[in-house]
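Take a look at the letters that make up each chain.
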Amino acid sequence: MRMSGNYTKQERTFLKRLGKAIKERRTKKGLSQERLAELTGLHRTYVGSAERGERNISALNTKVLADALDCRASDLFRSAE
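What counts as what
- Think of each chain on its own: its residues are numbered from 1, step by step along the sequence as written.
- Reporting in this predicted model follows two pLDDT cut-offs: at least 70 for local features of residues, and 80 or more for side-chain atom pairs to be given and counted; totals over whole chains, interfaces and linings ignore these cut-offs and use all residues.
- Calculation of side-chain values draws on the structure's entire complement of heavy atoms; hydrogens and water are dropped beforehand.
- Only Phe, Tyr and Trp rings take part, Trp by its six-membered ring, and two of them pair if their centres are within 6.5 Å. Stacked means planes under 30 degrees apart, edge-to-face means over 60, and tilted covers everything else.
- Numbering goes from the N terminus for both helices and strands, where a helix is a DSSP run of H or I of at least four residues and a strand is a run of E of at least two.
- Each residue gets one of three labels from its accessible area relative to the maximum for its type: buried under 20%, exposed over 50%, partly exposed in between, using a 1.4 Å probe on protein chains only.
- What the arc describes is the spread of directions from the helix axis to the C-beta atoms.
- Contacts are assigned to residue pairs with any non-hydrogen atoms lying within 4.5 Å of each other.

**Let's talk about the packing of aromatic side chains**
Each aromatic ring pair is specified by the distance between its two centres and by the angle formed by the two planes. Tallying each qualifying case throughout the model produces one aromatic pair. Between F14 and F77, the ring centres sit 6.1 Å apart and the planes meet at 10°, which makes this aromatic pair stacked. Here F77 lies in helix α5 (residues 73-80) and F14 lies in helix α1 (residues 9-28), a separation of 63 residues in the sequence. For F14, a relative accessible area of 27% corresponds to the partly exposed category. Judged by its relative accessible area of 31%, F77 falls in the partly exposed class.

**Quick notes on helix α2 (residues 33-40)**
Within the sequence span of α2, burial applies to L36, A37 and T40. The buried residues of α2 occupy an angular sector of 100° when the element is viewed end-on, so they sit on one face. In this structure, the buried residues of α2 make contact with α1, α3 (44-51) and α4 (59-68). Following α2 by one or two positions, G41 adopts a phi angle in the positive range, close to 80°.

**With respect to the environment of T62**
The topology assignment puts T62 in helix α4. For T62, a relative accessible area of 0% puts it in the buried group. Along the sequence, T62 and R72 sit ten residues apart, while their C-alpha atoms lie 9.0 Å from each other. Setting aside chain neighbours within four positions, we find T62 in contact with I57, A73, L76 and F77.

Right, here's the structure in full:
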């Protein structure tokens, strides 16, 4: 069983790219991390750590973020690949 945060280099790269995709869409919409957090019900520090690729965010949280960013979760994943 993999321990939390014990990721391969490829996995860390993917998480960083996913975070970058979230951040790019957020800034394009003119939203602060705080506002995105309010829209999603997620904590601001969670949004920030997701954007930095420090979290392996769940599928449901990815969907919540995508909805708030007016895109599909698959768009965020596609940007990360």
